[in-house]
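Inside the fold
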Amino acid sequence: MFKKLFSHTDKVRKKNIVIVSGLPRSGTSMMMKMLTEGGLSAVVDSLRQADEDNPNGYFEIEASKALKDGDKRWLYDAQGKVVKVISYLLEFLPDDLSYDIIFMEREIGEILASQQKMLQRRNEKSTHSDAEMEAQFREHLRAVKYWAARKTNMRILFVKYSEMVKDPESLCKSIVDFLEIPLDLQAMQSVPSQSLYRNRS
């Protein structure tokens, strides 16, 4: 009886959609690569190719940007898979699905520095000062954490980018324990790279 109950629970858990989220430039692409190397299927398209800012790829699907416009049908085919959804779009996820969210955290100063370098490479300029952006980011993170903690269809694990690069072994195990999915730990641990941690506080 116990074995049957456990097996059913495990089967249900695997139908959750795994979401990798966080602010832009917080390590979400790294986490997506870690999970796919570990054995999870990712919902991605090939519209945004790897470049100097993300040499290992972006692991994005353009349709995620249309969540706020009501285009959510594609998510129902993502159960048991991993999808990257930036933190600003989490509130538009359908309430009738369940999510295991890995939320990447990174020092705001490092995020701003990384964004500035990306804009420079593209010959673009931010319309806001760093101080304005930092204030917006901090307020957004406070609001989204408060909101997500009250969602009964969401489980969240917060992962610090700097700690993942420093000690991937223990943090990868925490992720596997959280997801309750058998993943290849060694393959996951091989992804974080000190050489790609280029903007540090």
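1. Re the overall build of the protein chain
Secondary structure summary: the protein chain contains seven helices and four strands in total. The helix and strand sequence of the protein chain, counted from the amino end, reads α-β-α-β-β-α-α-β-α-α-α. When burial is assessed residue by residue, the protein chain has 43% of its 201 residues classed as buried. If you take every contact in the protein chain between residues at least 6 apart in sequence, the share linking residues at least 24 apart comes to 72%. Taken as a whole, the protein chain presents about 11,300 Å² of accessible surface, with 51% of it coming from carbon and sulfur.

2. Digging into the packing of helix H3 (residues 108-121) against helix H4 (residues 130-148)
Axis separation between H3 and H4 bottoms out at 10 Å; the angle between their running directions is 125 degrees. As far as their axial angle goes, H4 and H3 are oblique. The handedness of the crossing between H3 and H4 comes out as right-handed. For the pair H3 and H4, the contacting residues are Ile108, Ile111, Leu112, Gln115 and Gln116 in the first and Asp130, Met133, Glu134, Phe137, Arg138 and Leu141 in the second. Considered class by class, the residues forming the contact of H3 with H4 number six nonpolar, two polar and three charged.

3. Let's talk about the packing of aromatic side chains
Applying the stated criterion across every chain, the model contains one aromatic pair. The lysine or arginine in question, Lys145, covers the ring of Phe158, its NZ or CZ lying 5.0 Å from the ring centre. A cation over an aromatic ring shows up here: Arg155 above the ring of Phe178, its NZ or CZ 4.4 Å from the ring centre.

4. As for the environment of Asp71
Checked against the element boundaries, Asp71 lands in the loop between helix H2 (28-38) and strand E2 (82-84). Along the sequence, Asp71 and Leu93 sit 22 residues apart, while their C-alpha atoms lie 9.9 Å from each other. Beyond its immediate stretch of four places on either side in the chain, Asp71 contacts Ala63 and Ala66.

Conventions adopted
Residues numbered from 1 in each chain as written. Predicted model: local features only at pLDDT ≥ 70, side-chain atom pairs only at ≥ 80, totals over all residues. Heavy atoms only, no water. Helix = DSSP H or I, 4+ residues; strand = E, 2+ residues; numbered from the N terminus. Buried < 20%, exposed > 50% of the residue type's maximum accessible area, 1.4 Å probe, protein only. Contact = heavy atoms within 4.5 Å. Areas by Shrake-Rupley, 256 points an atom, 1.4 Å probe, with all protein chains shown as cover. Axes fitted to C-alpha atoms, helices over the stretch in contact; angles between N-to-C directions. Parallel < 35°, antiparallel > 145°, perpendicular 65-115°, else oblique. Left-handed = near helix turned anticlockwise from the far one by under 90°. Nonpolar A, V, L, I, M, F, W, Y, C, P; charged D, E, K, R; others polar. Phe/Tyr/Trp six-rings, centres within 6.5 Å; stacked < 30°, edge-to-face > 60°. Lys NZ or Arg CZ within 6 Å of the ring centre and 35° of its normal.

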